[in-house]
Amino acid sequence: MRTICLALVLFALPVRAADYFVDSAGGADTNAGTSEAPFLTLARGVQALQSNQGDRLFITGVFREQFYIPRNGVVITGLGDAEVEGVTYGIQTQGTGITMENILVRNCTYGLYPTGSGHVYRRMRFIENGTGVIHNGNALSTSRFVECEWYASNSVAVYVWGEFQNTYERCT
């Protein structure tokens, strides 16, 4: 009987969220991903994240790689000068419940390509992308944009194709 009770207690314990760090100038993908020993690439940072556990990824620096996030329920925060630039898809979110904040996306063909639902984007800036945010008709999207900014010349700030239930709050 004690074994059964112990097993039930272990399954009832909450899973502890983890924090990971990525620094494009001072990291290494062989590091542990801590604030003192950050990863180098976004891909390695995302690889460390676990879905649905509240894991957080903090990024700093300029990244010239696609930021693809196939996880659920994670939080990604830009620290200071976090920037994704010069790639086809700057940020592509897939899954559900991803929160992203304080990241500049610049000079990408598509700044943000969200798929899935329940994403929140706060204080994101999209500058001089071919298309700032592209919503494809492949799946119902329910993203929330809060205090985001789009700066574009000769491009499309937000392109929508299909059915969407996105909200835009205090965006310019």
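Okay, so let's go over this structure. (Residues numbered from 1 in each chain as written. Predicted model: local features only at pLDDT ≥ 70, side-chain atom pairs only at ≥ 80, totals over all residues. Heavy atoms only, no water.)

Looking at where I103 falls in the secondary structure, it is placed in the loop between β8 (99–101) and β9 (104–106). Look past the residues within four positions of I103 in its chain and what remains in contact with it is I59, F67, I76, G78, A82, V84, I91, R123, M124 and R125. (Helix = DSSP H or I, 4+ residues; strand = E, 2+ residues; numbered from the N terminus. Contact = heavy atoms within 4.5 Å.)

Counting buried positions along strand β7 (residues 89–93) gives four out of five residues, so the element sits mostly inside the fold. Relative to strand β10 (residues 110–114), β7 runs parallel, the two sharing four bridges. Note that in β10 the partner of T93 across the bridge is P114. (Buried < 20%, exposed > 50% of the residue type's maximum accessible area, 1.4 Å probe, protein only. Pairing = 2+ DSSP bridges.)

So, on to the pattern of salt bridges. Any two side chains of opposite charge can pair, given that their charged atoms come close. A complete count under the given rule lists eight salt bridges for this structure. For the salt bridge of E101 with R122, the shortest nitrogen-to-oxygen distance reads 3.6 Å. Of this pair, E101 sits in strand β8 while R122 sits in strand β11 (residues 120–122), and the two are 21 residues apart along the sequence. For E101, a relative accessible area of 14% gives the class buried. On the accessibility criterion, R122 (27% relative accessible area) is partly exposed. Of the charged contacts, one joins R170 and E147 as a salt bridge, the two residues approaching to 3.3 Å between their closest N and O atoms. In this pair, R170 is assigned in the segment after β17 (167–169) and E147 in the loop between β14 (144–146) and β15 (149–151), connecting sequence segments 23 residues apart. Exposure remark for R170: the relative accessible area of 58% places this residue in the exposed category. For E147, a relative accessible area of 33% corresponds to the partly exposed category. One connected set of salt bridges, linked through shared partners, spans R64, E83, E85 and R106. (Salt bridge = Lys/Arg side-chain N within 4 Å of Asp/Glu carboxyl O.)

Moving on, we get to the state of the cysteines. Tallied over the entire structure, the rule returns zero disulfides. The closest cysteine sulfur to the non-disulfide-bonded C148 is located on C171, 4.6 Å from its own sulfur. (Disulfide = S-S within 2.5 Å.)

The description of two aromatic rings rests on the distance between their centres and on the angle between their planes. Throughout the structure, instances matching the rule amount to nine aromatic pairs. Where Y121 meets F145, the ring centres are 5.0 Å apart and the plane angle is 20 degrees; that geometry is what we call stacked. Residue Y121 is found in strand β11, and its partner F145 is found in strand β14; the two are separated by 24 residues along the sequence. Taken individually, Y121 and F145 each receive the classification buried, so the pair is uniform in this respect. Ring geometry for F145 against W150: centres 6.0 Å apart, planes inclined by 55 degrees, an arrangement best described as tilted. Here the two residues F145 and W150 agree in accessibility, since each one is buried. An aromatic cluster is built from Y121, F126, F145, W150 and Y168, whose rings are joined through pairwise contacts. (Phe/Tyr/Trp six-rings, centres within 6.5 Å; stacked < 30°, edge-to-face > 60°.)

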